Amino acid sequence: MTLTTLRSAFRLYTPEADDTDVLSDPNLNTLLNLAAQAFVNITDCLPTDDTFTAITSQQNYNISSVLTGFGKIRKEGIWFYNVSSTKWKQLESSTIAYLNSNYPAWLNASAGLPLRYYIEGDRIGLDPKPSSTYAGTNYVKVFYYKRSTDMSADTHYPFSGSTTQYPHLADYEEVLLDWVKYRVKQIGGKAGEAEEAKTMFYTKCLKIKQELSYRPDLIPNFRMRGVGNLSHFNGVFEK
């Protein structure tokens, strides 16, 4: 559903917010975008990966600069392209506290081939920092979940923030209305109804997260071998 359709649907389902004097279109747009952000954050529905450049002797990289759509890291983590072996290598996930404890000289270590990474706030750090041998364009690959992009035009779809509708999320767009209803009821002082809508939204999101992870193409197609052919079992019971 486009932003226009989402607004119409919400006003249809929530009569007390039917009047734009009660809830203006701009304010409803804001709530719908906040609902989309909450949905994406709970369901992890936008997995992706991207690369950025490894710079000689640079340890820290601002996520807001190198990965503008970054929401949170995926379990696949970060990989580094080893130009010497011409292969990608998964880096060990770490923290600054872990490095301080297990590699106390890490800040003074010479530049070389990165083996570990840490994420703190808006920065990704590589340890050791890349030397000139291992620095290069798009040498760092990050697997992460994207954030939702806000809708800014009536023809925009949720999550993409553009005229592109994500097919795998098309059937779930209406769930956003539960979150908006929760906030509208909360603002209106109807705590019980607000809590009910909030619970409905989070319950649906958790169910959707499971549904999105379901991959029928990964289920092995087992077949019984030897059906109708007793020779298959010859010798099985022999002593």
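For clarity, every value in this text was computed on a predicted model and none was experimentally measured.

A.B. asks: Would you take a moment to explain unusual backbone geometry for this structure?
C.D. replies: Most peptide bonds are trans, and most residues other than glycine sit at a negative phi. The residue after Asp127, namely Pro128, is reached through a cis peptide bond having omega -10°. For Ser57, which is not glycine, the phi torsion reads 65° and is therefore positive. Residue placement: Ser57 occurs in the loop between strand 1 (47–54) and strand 2 (60–62). Taking the relative accessible area as the measure of exposure, Ser57 reaches 44% and is therefore partly exposed.

A.B. asks: Looking at this model, I keep getting lost on the sheet that holds strand 6 (residues 116–120). Mind explaining?
C.D. replies: The mixed open sheet is built from four strands, whose spatial order is 2-7-6-5. Edge positions in the sheet fall to strand 2 and strand 5 (92–94), since each has one partner strand and no second. Averaged over neighbouring strand pairs, the angle between their axes works out to 25° when direction is ignored. Pairing geometry for strand 6 and strand 7 (residues 123–127), over five bridges, is antiparallel. Directly across from Tyr118, in strand 7, lies its bridge partner Gly125.

A.B. asks: What should I look at first to understand the sheet that holds strand 4 (residues 87–90) in this one?
C.D. replies: Within a sheet, neighbouring strands are paired by backbone hydrogen bonds and run either parallel or antiparallel to one another. Read across the open sheet, the four strands follow the order 1-8-3-4; overall the sheet is antiparallel. Two strands lie at the open edges of the sheet, namely strand 1 and strand 4, each paired on one side alone. Across the sheet, the axes of successive neighbouring strands diverge by a mean angle of 35°, strand direction being ignored.

A.B. asks: Whenever I open this one, helix 1 (residues 3–13) confuses me. Can you help?
C.D. replies: One turn of the α-helix equals 3.6 residues, which is why residues spaced by three or four share an orientation. For helix 1, the full list of buried residues reads Leu3, Leu6, Arg7, Ala9, Phe10 and Arg11. Looking at the buried residues of helix 1, the elements they touch are helix 2 (25–43) and helix 5 (176–187).

The rules behind the values
Residues numbered from 1 in each chain as written. Predicted model: local features only at pLDDT ≥ 70, side-chain atom pairs only at ≥ 80, totals over all residues. Heavy atoms only, no water. Helix = DSSP H or I, 4+ residues; strand = E, 2+ residues; numbered from the N terminus. Buried < 20%, exposed > 50% of the residue type's maximum accessible area, 1.4 Å probe, protein only. Pairing = 2+ DSSP bridges. Axes fitted to C-alpha atoms, helices over the stretch in contact; angles between N-to-C directions. Contact = heavy atoms within 4.5 Å.

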